[in-house]
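This is what each chain is made of:
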Amino acid sequence: MNPEHIRIVLVEPSHPGNIGAVARAMKTMGLGRLVLVAPEQFPHEEATWRAVWARDVLESAVVVDTLDEAIAECGFVVGTCARDQRLPWPVLDPRRSALEVSANSRRGEVAILFGREDNGLSNEELMRCNLHLAIPTSDAYSSLNLAMAVQIVCYELHMLANGDALPQTSNAEWDEPLASQENIERFYVHLEETLSQIGFLNPAAPRKLMPRLRRLYNRLGMDEMELNILRGILTETQKRCEPVDWSQQNGGGS
Ligand code: SAH
């Protein structure tokens, strides 16, 4: 990713406070190039106030009259829009869009467009874009505040650009070691045996039960203690059940 090649474009923002909040959102995520297309009021003290320590982003913001000027030299343009107003167009969420933005920023100028607070981006403006970005939201209300939308998009770019921003989780901090594959395999044998004994799994017709259970447990990343608990539950279950004799069941006496 080349952050120097990424510009955030606000199309006709009407609230100066939002412009300041956008500058702050950008700077906290390592981006500094802001382009304003025909802002209603700029510069403005509320923008300065809301930018806090990102005034430099405001001061270096480029103000232009038209979207054409804002994206003239861009090789890749992303248009952001809430889900309910987009056209049938390639649409990605912020995380996947970040991959596209990153790849294209290495080759040239990239613009990410944000729309008006009241009307968003027009269809005509959206059709200028290579890609549409929609932030997944609740069905009940899909329209975020402008600066908050910018924050989410810039956050994903930052996470991608700084692999080390990922929270470090390691087994060293966990109170138990991860269960070994050897023990996990023993658990599956024990589980299968128990499920058969209680009549839940028919060995002659196991269908996809074990693969599904493996997929379930393998998603968890169980530790040794958790595995021991599960093994203990299986052992107690076995002690308390009269094992089903599947040879009788299957044969059915016929
Ligand atoms: N009533 C307008 C609201 C626009 S909100 C509308 O429905 O279009 C202002 C801008 O914030 C939008 O143009 C878009 O750039 C961004 N935005 C808001 N919610 C978003 C979402 N869910 N996904 C992507 N961008 C969003």
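What you see is a predicted model, and the numbers here were worked out from it, not measured in a lab.

1. Points about unusual backbone geometry
- In this chain, Phe42 is followed by Pro43 through a cis amide linkage whose omega measures -5°.
- Looking at the element boundaries, Pro43 is found in the loop between β2 (34–37) and α2 (45–51).
- A positive phi angle, close to 45°, is found at Glu12, a residue other than glycine.
- The phi torsion at Ala38 lies on the positive side, around 40°, for a residue other than glycine.
- On the secondary structure map, Ala38 appears in the loop between β2 and α2.
- In this structure Ala38 comes out as partly exposed when scored by relative accessible area, which is 31%.

2. Examining the nonpolar core
- Among the nonpolar cores identified, the biggest contains 36 residues, and Ile8, Leu10, Leu34 and Val150 are the most heavily contacted of them.
- Apart from the residues within four sequence positions on either side, Val150 is in contact with Ile8, Leu10, Val22, Ala25, Met26 and Phe114.

3. Description of the side chain of Gln238
- With respect to the helices and strands, Gln238 occurs in helix α10 (residues 224–239).
- Taking the relative accessible area as the measure of exposure, Gln238 reaches 18% and is therefore buried.
- At 2.6 Å, the side chain of Gln238 forms a polar contact with the side chain of Glu193.
- For Gln238, the residues in contact, after removing those within four places along its chain, are His190, Glu193, Thr194 and Gln197.

Here is what the cut-offs are and how they apply
- Residues numbered from 1 in each chain as written.
- Predicted model: local features only at pLDDT ≥ 70, side-chain atom pairs only at ≥ 80, totals over all residues.
- Heavy atoms only, no water.
- Helix = DSSP H or I, 4+ residues; strand = E, 2+ residues; numbered from the N terminus.
- Buried < 20%, exposed > 50% of the residue type's maximum accessible area, 1.4 Å probe, protein only.
- Core = buried A, V, L, I, M, F, W, Y, C linked by side-chain atoms within 4.5 Å.
- Contact = heavy atoms within 4.5 Å.
- Polar contact = N/O pair within 3.5 Å; in protein donor to acceptor, adjacent residues only side chain to side chain.

As far as function goes, none of this settles anything; it's purely spatial.
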